[in-house]
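# Summary of structural features
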Amino acid sequence: MNTLEKKKKILLIGHSEKFINPFLKIFNTDDYVVIGWRSINLDEIYQSIDIIIVIGFNHNLYHKKFKNFEEQNIFLPYKFIKNNLNHQTQIIYINTADSKNIYTFSRYRYA
């Protein structure tokens, strides 16, 4: 990395280390925040985020009413991401859906 090149500040939504660690190596950064799906708080604003990486979803909701699942896995994260965007922020979405499963009502249909 060029010594004049600014390190990227990354906001990761999801706790999957098998995805987090490679991204930290790829972007060569130690300036990052990890937010768990169950810890999303619309009042938290992170300044100067360069990249938002979205990984996984709140697995505890798969057996709940669809309205609850939809609110916690789609609408709340969407609002949180929107609150933390600036005009230069890049979003990376990791689709972990099983490509063999054609019947899903998860957030994948909104990605």
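All of the points below concern the structure found in this document. Bear in mind that the values here come from a model prediction, so they are computed numbers and not experimental data.

The subject of this paragraph is the sheet that holds strand β3 (residues 51-55). The 4 strands are arranged β2-β1-β3-β4 in an open sheet whose pairing can be described as parallel. On the outer flanks of this sheet lie β2 (32-35) and β4 (90-94), each paired with one strand and no other. Strand-to-strand twist in this sheet, taken as the mean axis angle between neighbours without regard to direction, amounts to 15 degrees. In this structure, β3 lies alongside β4, joined through 5 bridges in parallel fashion. Bridge pairing links Ile 55 to Ile 94 in β4. Sitting on the sheet, helix α2 (residues 66-83) is in contact with β1 (10-13), β2, β3 and β4, with an inclination near 175 degrees to β1.

Mapped onto the elements, Glu 17 comes out in helix α1 (residues 17-26). We classify Glu 17 as exposed; its relative accessible area is 57%. Taking the C-alpha atoms as reference points, Glu 17 and Ile 55, 38 residues apart in sequence, are found 10.0 Å from one another.

The subject of this paragraph is unusual backbone geometry. We note that Asn 28 has phi near 50 degrees; this positive angle belongs to a residue other than glycine. When you line up the elements, Asn 28 lands in the loop between α1 and β2.

With that out of the way, let us pick up α2. Compared with an ideal rise of 1.5 Å per residue, which puts 18 residues at 26 Å, α2 spans 24 Å between its outermost C-alpha atoms and is within 8% of the ideal. Gln 72 marks the point of greatest bend in α2, at about 35 degrees. Listed in full, the buried residues belonging to α2 are Phe 69, Glu 70, Asn 73, Ile 74, Leu 76, Pro 77, Phe 80 and Ile 81. Those residues of α2 hidden inside the fold are in contact with β1, β2, β3 and β4.

Counted by the stated rule, this structure contains 2 aromatic pairs. Centre to centre, the rings of Phe 23 and Phe 27 are 6.3 Å apart; their planes meet at 10 degrees, and the pair counts as stacked. Judged by relative accessible area, Phe 23 falls into the buried class, the value being 13%. Their ring planes at 75 degrees and their centres at 6.4 Å tell us that Tyr 46 and Phe 80 sit as a pair that is edge-to-face. In this pair, Tyr 46 sits in the loop between β2 and β3 while Phe 80 sits in helix α2, placing the two residues 34 residues apart along the sequence. Just as Tyr 46 is buried, Phe 80 falls in that class too.

Moving on: the environment of Ile 13. Turning to its location among the elements, Ile 13 is positioned in strand β1. A sequence separation of 23 residues divides Ile 13 from Gly 36, and the C-alpha atoms of the two residues are 5.8 Å apart.

Rules of the game
- Residues numbered from 1 in each chain as written.
- Predicted model: local features only at pLDDT ≥ 70, side-chain atom pairs only at ≥ 80, totals over all residues.
- Heavy atoms only, no water.
- Pairing = 2+ DSSP bridges.
- Helix = DSSP H or I, 4+ residues; strand = E, 2+ residues; numbered from the N terminus.
- Axes fitted to C-alpha atoms, helices over the stretch in contact; angles between N-to-C directions.
- Contact = heavy atoms within 4.5 Å.
- Buried < 20%, exposed > 50% of the residue type's maximum accessible area, 1.4 Å probe, protein only.
- Expected span 1.5 Å × (residues − 1).
- Bend = angle between axes of the 7 residues up to and from the residue.
- Phe/Tyr/Trp six-rings, centres within 6.5 Å; stacked < 30°, edge-to-face > 60°.

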